[in-house]
Amino acid sequence: MIRDITLGQYFPGESAIHRLDPRVKIIATLLFIIELFIVDNFIGFAIAAVYLGAVIAVSRVPLSFIVRGLKPVIIILLFTFALNIFMVDGQIIWQWKFLHITVEGVRLAVFMAIRIILLLIGSSMLTLCTRPLSLTDGIERLLSPFKKIGLPAHEIAMMMTIALRFIPTLLEETDKIMKAQQARGADFESGGLIQKAKALIPILVPLFVSAFRIAMDLAMAMESRCYRGGEHRTRMHEMKLKGMDWAAIAFLVVFLAMIIIESRIF
Amino acid sequence: MSIQVENLVHIYDKGMPSEQLALDNVSFEAEDGQLVGIIGHTGSGKSTLLQHLNGLLRPHSGKVIVGGVDITQPGVPMVQIRKKIGLVFQYPEYQLFEETVAKDVAFGPKNLGLSEEEIAERVREAIELVGLDYEEVAERSPFDLSGGQKRRVAIAGVVAMRPEVLILDEPTAGLDPKAHQDVLKMVQEVHERTGNITILVSHNMADIARLCDKVVVIDSGKLVAVGTPYEVFSQKDQLREVGLELPPVTQFTETLREKGIELDSTILDVDTAVSQIAKYLKKEK
Ligand SMILES: Nc1ncnc2c1ncn2[C@@H]1O[C@H](COP(=O)(O)OP(=O)(O)OP(=O)(O)O)[C@@H](O)[C@H]1O
Ligand SMILES: [Mg+2]
C-alpha cells in the first residue's frame, strides 16, 4: 500500500557510487540537472544518457527498481507531453477541429519528455545511492560556508535528517492505524467525497497524537544527551575526499567538457 | 464457527531488497469454545498471522477458511468478515480518536449500522465488561485516561461489536501486574460468556499454560508446534531452541525432576505442583 512509494527511497548497496563522498554526489547531481537545461539538442541528451547509464551500471541498482519510482509522475509526464504536442505552432502534420500537431510540437514534446525523465532518474540516483544521514551531512558541509552570513546550516541539516528519519515511521504508523480502524469496520473506499473526508478523521487524529508523542520523545532523548545545536560539535565520520572521489570528479569534468564542446559545435 | 488456516505464506515487500518471508507454510485450526494461544519470539510473525484472519493482509499463498468461507478469495465482502472477527491490535490505545470514551467505543458498532439504542446498550455493556465504571469514564476524553484504562477502552471498542471470534494481540503488553491480571480475567470472562473462539498472543508462558486450550508456536514464520499446553510444553528442548521458556512452575518442577525428585512431567499449574511436592515429601518421611 503506502509503503510501495519508492520515490526518494534509499537502495542499500556497497557499490562505488554508494561509497562516494556525499558532497561529490550532491554537486554532481546539481551539475547534471543544470546540464539538462543547457542542452538544446538530442546529441547532448545522448551524452547525458550515456553518463547516467554508466552511473546506474556502476551503482548496481536494478533498472526495474528505478523505473518503478517513476510511476507516480507518469501523469505529469503525459500531461506535459500532450500540452507540448498540441500547443506549438509551426508546420502542421495533423489537424482535427481546433487541435493540430506540428513538427515543432512533436520535437518539443519528445525533447521535454526526455528532459524530465533524465531529470527524475538523475536526481533519484542521488537518493537511491546515498543514505539519508550522509545526504544531510553532505548538505550541512556544503552549506557551512554560508554560516558566515547567518544561515543556520546545522539546524537545517538536522531538521532534514529528522524529517527523513521519520517518514518511514509515520508511514508505518499510518498503515497500523488504518488497519486498526478497518478492523473496527471503518470503510475508506466507498461513499462520496464528504464521506471519504470524514472517514479520514479516525486516521488523522491518532496519527497526529502519535506524531506529537514521537516528537516529544525525540526532543527529550536529544536533550537528555545534552544536544545543544551546531556550535563546537565534532563529528563521528569526518568527510574527506578519497581517491575514488577524485576519480568521480575527473569523470564529471570530462562529462561537463563534452557537453560544453557539443553545444558549441551543434 | 470454525477457523482453518492452511499453508499460509506471506512475504513482505515482495521484489524489494527488503523482501521478507514473514509466514512460511503455517497451518492450524480453531473451533468454537476454544481459547487459542499463539506464542513465538519477537518478530516471529504472530501479528502478521493475526492480520490474515480478518483479511487485513492477503497471503502470498494458502487459505484462511472462516466458517466455511475462504476469505483469501477475491470478492469476499470484507466488512462482513470484520463484523464476525474482532481484532484488537498490539498497543490498541493508539487508535483512540473520539472526544469521549463512549463515542470511541461506539465507532465499531456504528460501522455495523446498528440502531442508536442498540449501540448505546452495547457501549455500556462493553465498557463495564472491560472493568471500567461507565458513569465515571463515558463522557471523559480517552486521551485523559491512564495507559491501562486506554487499553481497556480500546478493547471495549472491539468487544462492543460482539464478534464471533475475538483476537487479541498481546493485550497485556506494558501493563502493571494488576492491570495485566484484570485484562486476562476480562478476556476469560468474555470467552466463557460467549463460548466463541478467542485467540490470544502473549509472551507470558504462565498465562498461556493457564488459560489456553490450544497453543500454536511459531518461529521465524514457521509453525513449530500445535497442541494442548501439555503437549506443547512437554517439548521443552524444542521450545528452548526457538528461544521460548517454559512457564515458571514447569521450569521449577522440571529442575526438581532433574535432581531426582519424583514428580509428574510437565506440571503446568501451581496447585498441582504443590500437591505433588507435598505427596513426595510425605513419602520421603
Ligand atoms: N508492514 C511490514 N512491512 C515489512 N515487514 C514487516 C511488516 N510488518 C512486520 N514485518 C516483518 O515481518 C516479521 C514478522 O513480524 P510480526 O510483526 O508479525 O512479528 P511478531 O511475532 O508480531 O513480533 P512481536 O512479538 O514483536 O509483536 C518481522 O521480521 C518484521 O520485521
Ligand atoms: Mg506482534
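Thresholds applied
- The residue numbers shown here count from 1 along each chain, following its written sequence.
- All chains are assigned letters beginning with A, and all ligands numbers beginning with 1, in the order in which they are written.
- For a predicted model such as this one, the threshold for reporting local features is a pLDDT of at least 70, and the threshold for listing and counting side-chain atom pairs is 80 or more; totals across whole chains, interfaces and linings nevertheless cover every residue.
- The side-chain figures draw on all heavy atoms in the structure; neither hydrogens nor water molecules are used.
- Salt bridge, as used here, is a side-chain nitrogen of Lys or Arg placed within 4 Å of a carboxyl oxygen of Asp or Glu.
- Secondary structure elements are taken from DSSP: a helix is a run of H or I of four residues or more, a strand is a run of E of two residues or more, and numbering for both begins at the N terminus.
- Each residue is assigned to one of three classes by its accessible area relative to the maximum for its type, calculated with a 1.4 Å probe on protein chains only: buried under 20%, partly exposed between the two thresholds, exposed over 50%.
- For the domain bounds, the source is a domain assignment made automatically or taken from a database.
- We call two residues in contact when some of their heavy atoms are within 4.5 Å.
- Buried area counts how much accessible surface, traced with a 1.4 Å probe, disappears from two parts once they are put together, with both parts' losses summed.
- Residues adjacent in sequence count toward polar contacts only when both atoms are side-chain atoms; beyond that, a polar contact is any pair of N or O atoms within 3.5 Å, and within protein one must be able to donate a hydrogen and the other to accept it.
- Classes in brief: Ala, Val, Leu, Ile, Met, Phe, Trp, Tyr, Cys and Pro nonpolar; Asp, Glu, Lys and Arg charged; the others, Gly included, polar.
- By definition, no residue in a patch forms a salt bridge, and every one has over 30% relative accessible area; like charges are joined within 9 Å, nonpolar side chains (Val, Leu, Ile, Met, Phe, Trp, Tyr) within 5 Å.
- Note that accessible areas follow from Shrake-Rupley with a 1.4 Å probe, and for residues the cover is restricted to the protein chains shown.
- A molecule or strand has a residue near it when one of that residue's heavy atoms lies within 4 Å.
- For Na, K and Ca the donor cut-off is 3.2 Å; for every other metal, N, O and S atoms count as donors within 2.8 Å. Water does not enter the count, which can leave sites looking incomplete.
- Only Phe, Tyr and Trp rings are paired, with Trp represented by its six-membered ring, and only when their centres lie within 6.5 Å; those with planes under 30 degrees apart are stacked, over 60 edge-to-face, the remainder tilted.
- In our convention, an over-ring charge means Lys NZ or Arg CZ found within 6 Å of a ring centre and within 35 degrees of that ring's normal.

Caption draft 1: Spotlight on the pattern of salt bridges. Residue and element names in this part refer to chain B. Tallied over the entire structure, the rule returns 18 salt bridges over all chains. As a salt-bridge pair, lysine 222 and aspartate 24 come within 3.4 Å of each other at their nearest N and O atoms. Separated by 198 residues along the polypeptide, lysine 222 in strand S10 (residues 222-227) and aspartate 24 in strand S2 (residues 20-31) bring together distant segments of the chain. Across the pair glutamate 125 and arginine 162 runs a salt bridge whose closest N-O atoms are separated by 3.4 Å. Linking glutamate 125 in helix H4 (residues 116-129) with arginine 162 in the loop between helix H6 (147-159) and strand S7 (165-169), this pair joins segments that are 37 residues apart in sequence. Classification of glutamate 125 by relative accessible area gives partly exposed; the value is 31%. One network of salt bridges, with partners in common, ties together Glu118, Glu121, Arg122, Glu125 and Arg162.

Caption draft 2: Region of interest: the domain arrangement of chain A. When the domains of chain A are assigned, the result is domain 1 (1-130 + 237-266) and domain 2 (153-233). The gap between the C-alpha centroids of domain 1 of chain A and domain 2 of chain A is 32 Å.

Caption draft 3: Region of interest: the domain arrangement of chain B. Residues and elements named next belong to chain B. Under the domain assignment, chain B is made up of domain 1 (2-94 + 164-244) and domain 2 (247-285). For domain 1 and domain 2, the distance between their C-alpha centres works out to 31 Å. Listed per partner, the contact involves eight residues of domain 1 and seven residues of domain 2. Between domain 1 and domain 2 lies a buried interface of about 630 Å² when both sides are counted; carbon and sulfur atoms form 67% of it. The largest per-residue losses of area from domain 1 upon contact with domain 2 belong to Tyr230, Phe233 and Lys236, which jointly make up 59% of the total buried on that side. Scanning the region where domain 1 abuts domain 2 turns up two salt bridges. With a closest N to O distance of 3.4 Å, glutamate 254 and lysine 236 form a salt bridge. On inspection of domain 1 and its partner domain 2, the count reaches three residue pairs in polar contact (both at pLDDT 80 or more). Of all the secondary structure elements, the ones that give two or more residues to the side of domain 1 that touches domain 2 are helix H8 (205-211) and helix H9 (229-233). Residues that form the side of domain 1 that touches domain 2 fall into these classes: six nonpolar, one polar and one charged.

Caption draft 4: Spatial organisation of unusual backbone geometry. Residues and elements named next belong to chain B. Phi at glutamate 170 takes a positive value of approximately 45 degrees, unusual for a residue other than glycine. Relative to the elements of secondary structure, glutamate 170 occurs in the loop between S7 and helix H7 (177-194). Judged by its relative accessible area of 11%, glutamate 170 falls in the buried class. Phi at serine 220 takes a positive value of approximately 45 degrees, unusual for a residue other than glycine.

Caption draft 5: Seen up close, the side chain of arginine 122 of chain B. Looking at the element boundaries, arginine 122 of chain B is found in helix H4. Arginine 122 of chain B has contacts with Leu112, Leu114, Ala160, Met161 and Arg162 of chain B, leaving out every residue within four places of it along the chain.

Caption draft 6: Fine view of a nonpolar patch on the surface. Nonpolar side chains collect at one region of the surface, where Ile43, Ile261, Ile265 and Phe266 of chain A lie side by side and expose about 430 Å² of accessible area between them. Tracing the backbone shows isoleucine 265 of chain A in helix H11 (residues 243-265).

Caption draft 7: Molecular detail of the site of ligand 1. For ligand 1, the set of nearby residues contains 16 residues, the closest of which are Gly43, Lys46, Ser47, Thr48 and Gln90 of chain B. More than one chain reaches ligand 1: the nearby residues come from chains A and B. The contact in question runs from a nitrogen atom of ligand 1 to an N or O atom on the side chain of tyrosine 12 of chain B, over 3.4 Å. Computed on the free molecule, ligand 1 has an accessible area of 630 Å², of which 75% lies beneath the protein chains in the complex. Of all the secondary-structure elements, those providing two or more residues to the shell around ligand 1 are S2 and helix H1 (46-53) of chain B. For the shell around ligand 1, the element with the highest residue contribution is H1 of chain B, accounting for three residues. Broken down by class, the residue content of the shell around ligand 1 amounts to two nonpolar, 10 polar and four charged.

Caption draft 8: Structural context of the coordination of the magnesium ion (ligand 2). All names here are of chain B. For the magnesium ion (ligand 2), the full set of protein donor atoms is Ser47 (OG) and Gln90 (OE1), and the range of their distances to it is 1.9 to 2.4 Å. Of this pair, serine 47 sits in helix H1 while glutamine 90 is found in the loop between strand S6 (85-88) and helix H3 (101-111), placing the two residues 43 residues apart along the sequence. Given a relative accessible area of 21%, serine 47 falls into the partly exposed group.

Caption draft 9: Representation of the packing of aromatic side chains. Evaluated as defined, the whole model comprises nine aromatic pairs over all chains. Aromatic side chains tyrosine 51 of chain A and phenylalanine 251 of chain A sit 5.4 Å apart centroid to centroid with 25 degrees between the ring planes, which places their arrangement in the stacked category. Of the two residues, tyrosine 51 of chain A sits in helix H3 (residues 42-59) while phenylalanine 251 of chain A sits in helix H11, which places them 200 residues apart along the sequence. Aromatic rings pair up to connect Phe32, Tyr51, Phe251 and Phe255 of chain A into one cluster. We note arginine 213 of chain A situated over the ring of tyrosine 94 of chain B; from NZ or CZ to the ring centre the distance is 4.0 Å.

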